[in-house]
Amino acid sequence: VVVAAVTCNGQALRDASEAFQGDEEVVHLAVKQHGRALQYATSIPRGNRDIVLDAVRSNGTALAHASPELRDDKEVVLVALKSGVEAISSVSRRLKADREVVVLALQQAQVVAEESQFPGPVLIWKLVDSRFKRDKDSVLWALRHLKPEWRKECDELAIESKMQPIPWENFEAAIGTAIAVRGEAA
């Protein structure tokens, strides 16, 4: 009965007994149907990489319910971000300093912001690890991937982060200056 229920509605895992919530096969069926069903699983399925990958493929925010080890797994994180940029809030500190992770999050934020009221890359930038923000090459790499319409918001964030506003006509040279100023202020 439980298998049939979670196959039709993954959220039915919420009402299952703890034994079923800890059964990896049952949880896997549930998250394939609805990724957020991972929140009702016990700790063992939350640490199963295959289960978590299917959960975050279905719903990126399911990353919040994965084990700490899997929130620090780059492949799992990238899949989660592709499914939902909001997953960035559950990413490990180490990966919030990873170029590929940060740029994917910024790119996804731009797409979502164009389609909804999501605040876009500026919110993501606030969640990025400070080690990434202090590295000139990383910041340049990220900025190259931002659309021009986000530049004003990035200027506002630069000021908030004690960086100088960025003169976009020559932003590569300017970023070096902005980071140096920020480094002196830190």
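Residues numbered from 1 in each chain as written. Predicted model: local features only at pLDDT ≥ 70, side-chain atom pairs only at ≥ 80, totals over all residues. Heavy atoms only, no water.

With that out of the way, let us pick up the overall build of the chain. Counting its regular elements, the chain contains 13 helices and zero strands. When the helices and strands of the chain are placed in sequence order, the string is α-α-α-α-α-α-α-α-α-α-α-α-α. The buried share of the chain, taken over its 186 residues, is 47%. (Helix = DSSP H or I, 4+ residues; strand = E, 2+ residues; numbered from the N terminus. Buried < 20%, exposed > 50% of the residue type's maximum accessible area, 1.4 Å probe, protein only.)

Okay, helix H3 (residues 24-33) next. Every buried residue of H3 is listed here: Val 26, Val 27, His 28, Ala 30 and Val 31. Where H3 is buried, its residues contact helix H1 (2-8), helix H2 (18-21), helix H4 (43-46) and helix H5 (49-58). (Contact = heavy atoms within 4.5 Å.)

Here we take up the nonpolar core. In this structure, Leu 13, Leu 38, Val 56, Leu 63, Leu 81, Val 101 and Ile 124 are the most contacted members of the largest nonpolar core, which totals 41 residues. Elements represented by at least two residues in this core include exactly H3, H5, helix H7 (74-83), helix H8 (99-115) and helix H9 (121-127). In this view, Leu 63 contacts Val 56, Leu 70, Arg 71, Val 76, Val 77, Ala 80, Ala 87, Ser 90 and Val 91; residues no more than four positions away in its chain are not counted. (Core = buried A, V, L, I, M, F, W, Y, C linked by side-chain atoms within 4.5 Å.)

Moving on: the pattern of salt bridges. Under the definition given, this model contains seven salt bridges. In this structure, Asp 98 engages Lys 74 in a salt bridge whose closest nitrogen and oxygen atoms are separated by 3.3 Å. Within this pair, whereas Asp 98 is found in the loop between H7 and H8, its partner Lys 74 is found in helix H7, the two being separated by 24 residues in sequence. Asp 98 gets classed as buried once you look at its relative accessible area, which sits at 18%. Owing to a relative accessible area of 29%, Lys 74 belongs among the partly exposed residues under this scheme. (Salt bridge = Lys/Arg side-chain N within 4 Å of Asp/Glu carboxyl O.)

Close contact between H3 and H5 brings their axes to 8 Å; oriented N to C, the two are set at 15°. Classed by the angle they form, the pair H3 and H5 counts as roughly parallel. Where H3 crosses over H5, the two elements pack in a sense that is left-handed. The residues of H5 that touch H3, namely those facing Glu 24, Val 27, His 28, Val 31 and Lys 32, are Asp 50, Ile 51, Asp 54, Ala 55 and Ser 58. (Axes fitted to C-alpha atoms, helices over the stretch in contact; angles between N-to-C directions. Parallel < 35°, antiparallel > 145°, perpendicular 65-115°, else oblique. Left-handed = near helix turned anticlockwise from the far one by under 90°.)

Turning to the environment of Ala 4, a few remarks are in order. One can find Ala 4 in helix H1. In the structure, Ala 4 is positioned 26 residues away from Ala 30 in sequence and 9.7 Å away in space, judged by C-alpha atoms.

A few words now on the packing of H5 against H7. Two elements in contact, H5 and H7, have axes separated by 7 Å at closest approach and are oriented at 20°. For the element pair H5 / H7, the angle class is roughly parallel. Note on packing geometry: the crossing formed by H5 with H7 is left-handed. Contact with H5, carried on its side by Arg 49, Val 52, Leu 53, Val 56, Arg 57 and Ser 58, involves Glu 75, Val 76, Val 79, Ala 80 and Ser 83 of H7 and no other residues of that element. A per-class count over the contact of H5 with H7 returns six nonpolar, two polar and three charged. (Nonpolar A, V, L, I, M, F, W, Y, C, P; charged D, E, K, R; others polar.)

Secondary-structure assignment places Ser 67 in the loop between H5 and helix H6 (68-71). On the basis of relative accessibility, which here comes to 11%, the residue Ser 67 falls in the buried class.

This brings us to the environment of Ser 58. Along the polypeptide, Ser 58 turns up in helix H5. For Ser 58, a relative accessible area of 39% corresponds to the partly exposed category. Spatially, the C-alpha atoms of Ser 58 and Ala 80 are 8.5 Å apart, while their sequence positions differ by 22 residues. Apart from the residues within four sequence positions on either side, Ser 58 is in contact with Val 31, His 34, Gly 35 and Ser 83.

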